[in-house]
Every structure is written in C-alpha cells, then in structure tokens.
Amino acid sequence: MKRTLLIHLRSGSMMNMDSNLVVKLAKAALDKGHNVRIFGYGEGITPIKEGQEPKRFPNVGKELTELAERGATIVVCETCCAARGIHRGEEVKGSKIGSLTNDLSKFVSEADRIVTIAR
Amino acid sequence: MASILFVMLKSPHENVNLELASDLGGQSKKAAILFEDAVYYAMDKKASKHLAEHVDEVFVISDDLAARGFDCDVGGKFKTVDYGQAVDLIMQYDRTVTL
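Fair warning: this is a prediction, and the values are worked out from it, not measured in the lab.

Turning next to helix α2 (residues 45-52) of chain B. Residue pairs three or four apart in sequence face the same way in an α-helix, which turns once every 3.6 residues. All names here are of chain B. Taken as a whole, α2 has its buried residues at Ala47, Ser48, Leu51 and Ala52. Buried positions in α2, seen along its axis, are confined to an arc of 130° and lie on one side of it. Exposed side of α2, more than 90 degrees from the buried face: Lys45, Lys46 and Lys49 are the residues found there. Taken together, the buried residues of α2 touch β1 (3-8), β2 (29-34), β3 (57-61) and β4 (78-81). Where α2 begins, the capping side chain belongs to Asp44, and its oxygen is found 3.0 Å from the backbone nitrogen of Lys46.

Next comes the structure, spelled out in structure tokens:
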C-alpha cells in the first residue's frame, strides 16, 4: 500500500552520517513505492547548498537531486538558510527553500509516518 | 495495542536516556531500531542488556554493523534488518520517536 513518509532532518551534512542515513532511508522508501518528503531545518538545511564538493564522502546534495528526480519532495527552512547566508536560487536542483509555516505544516498533516533524524 | 518504534542514532557511550522509552512507551508495544553508532548497543553486553529492559524488540541496521567491522551475528531480542525492512517497520509501528 502506497503511503507518505516524512523524514525530518536536523543534522548538518558534514557533522555525522545522519544526512546519508536520510538518503538511504528515502531511497528504500521510494523503492517500496511510497511517497517521500524530506524537510530540513537548523543544520539540516546545509545539504541543499549547491556547489559543495566533499572529496572523501558522499555528495548528499547530488544524491538529493537524484531523489527528487525519482519523485521525492525536498524542502528546507528559509529562515535557517538566511541565518547561514544561503538564499533562494542557491539550492541544488530538485530541492526548494521553503518554510516551516507553509511546507512543514502541510507535510506533517499529510504524512502517514514521520521520522526525525536529529541528535 | 498501540506501538512505538524508537529511532536511535547515538552510541551507548553518548548521552542517551533509555528510561524515556519506558516513560513514553507505557503499555505500548515498544521496539528500537538502531542506525549509525547506535548499532554498538548490539555489540556491548551491558548496553544491550540495558536496552532490552526497556523495549520488546531491537532491530539493527546490518549495513551500519558491517561498516563498523562487525558481522551480523546478533541474538536474543536483537535482529538485523536492511533499509527496506526499516521502512516496513516504520510503516508498521504507529509512530516513531527519536531518542
């Protein structure tokens, strides 16, 4: 049965492997035919900044674009982005700088299950 | 019967309040799923005993065990799963709480 999974990320892409975990969980859910939504805030916005080039570990931004191409919806909090000097137009393809008020509240109300990846 | 799946990411040697699982879970069916360094719970006798006191089942991500050099030999209440099975568990339990 197709359901909607919301994954809520609050860890930065270079802090630990949380954002890699989110990518693996999202891929597995897409493979099972579920709808996947990812919302990042706090440090969880950092994976969407375009132009990042990690040398010795996965490029989460690129992986998020691939997830979006498979139908995942990826949104991060604009306030948290602005606090870190990241502005609309600087996000990787397939992701969106949105808001808790408009996007996260909608995602929460529509999700069948929510998983928070945070420390 | 209500059910809760506790998502765990941190190692047993970090600050993790396992009592919360009993406090929040009450009479619900309670399970834990171990990602990243939380898989060390499965390999540390004292930590695994402590965790097993608070939940009915423990699922351990096999990829994360292997990434840390452990083979997948866990026993008792502990069971290895892959990411696809993790998604199924998330959908099967009523809700998740991250500890």
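Another point: the interface of chain A and chain B. How big an interface is tends to be stated in terms of the accessible area lost upon association of its parts. Listed per partner, the contact involves 20 residues of chain A and 20 residues of chain B. Counting across the chain A and chain B interface gives three salt bridges. The tally of links from chain A across to chain B stands at eleven residue pairs in polar contact (both at pLDDT 80 or more). Elements supplying a minimum of two residues to the side of chain A that touches chain B: β1 (4-9), α1 (18-31) and β5 (113-117) of chain A. When residues of the side of chain A that touches chain B are assigned to their parent elements, the largest contribution, six residues, is made by α1 of chain A. Class assignment of the residues belonging to the side of chain A that touches chain B gives a composition of ten nonpolar, four polar and six charged.

Close approach of charged atoms lets side chains of opposite charge pair. Residue and element names in this part refer to chain A. One pass over the full model with this rule turns up 15 salt bridges over all chains. For the salt bridge of Arg37 with Glu110, the shortest nitrogen-to-oxygen distance reads 2.5 Å. One end of the pair, Arg37, is in strand β2 (residues 35-40); the other, Glu110, is in helix α4 (residues 100-110), and 73 residues separate them in sequence. On the accessibility criterion, Arg37 (19% relative accessible area) is buried. Linking Glu110 and Lys106 is a salt bridge whose minimum nitrogen-to-oxygen distance equals 3.5 Å. In this pair, Glu110 and Lys106 are both assigned in helix α4, four residues apart and thus about one turn of the helix distant.

Here we come to the confidence of the model for chain B. All names here are of chain B. Put simply, chain B has an average pLDDT of 93, and 99% of its residues get 70 or more. No element of chain B has a lower mean pLDDT than helix α1 (residues 19-25), which averages 89, and none a higher one than helix α4 (residues 83-92), which averages 98. Interface confidence in the predicted complex, given as ipTM, is 0.93; pTM for the same model is 0.95.

All names here are of chain A. Enumeration according to the criterion identifies two cavities of 30 Å³ or more in this entry. By volume, the largest cavity amounts to about 80 Å³. Around the largest cavity, the lining comprises 14 residues; the ones closest to its centre are Leu9, Ile38, Gly44, Pro47 and Leu64. At the level of elements, α1, β2, α2 (60-69) and β3 (73-77) are the ones that each hand at least two residues to the lining of the largest cavity. The residue makeup of the lining of the largest cavity, split by class, is eleven nonpolar, three polar and no charged. Estimated volume of the second largest cavity: approximately 60 Å³. Lining the second largest cavity, in full, are Ser13, Met14, Pro47, Gln52, Pro54, Phe57, Pro58, Asn59, Val60 and Gly61. Its residues assigned to classes, the lining of the second largest cavity shows six nonpolar, four polar and no charged.

How each quantity is defined
- Residues numbered from 1 in each chain as written.
- Chains lettered and ligands numbered in written order.
- Predicted model: local features only at pLDDT ≥ 70, side-chain atom pairs only at ≥ 80, totals over all residues.
- Heavy atoms only, no water.
- Buried < 20%, exposed > 50% of the residue type's maximum accessible area, 1.4 Å probe, protein only.
- Helix = DSSP H or I, 4+ residues; strand = E, 2+ residues; numbered from the N terminus.
- Arc of directions from axis to C-beta.
- Contact = heavy atoms within 4.5 Å.
- Polar contact = N/O pair within 3.5 Å; in protein donor to acceptor, adjacent residues only side chain to side chain.
- Salt bridge = Lys/Arg side-chain N within 4 Å of Asp/Glu carboxyl O.
- Nonpolar A, V, L, I, M, F, W, Y, C, P; charged D, E, K, R; others polar.
- pLDDT = per-residue confidence, 0-100.
- 1 Å grid on protein atoms, 1.4 Å probe; cavity = no way out; pocket = protein on both sides within 12 Å on 5 of 7 lines; lining within 4 Å.
- Points joined across faces, edges and corners; volume = space filled by probe spheres on them.

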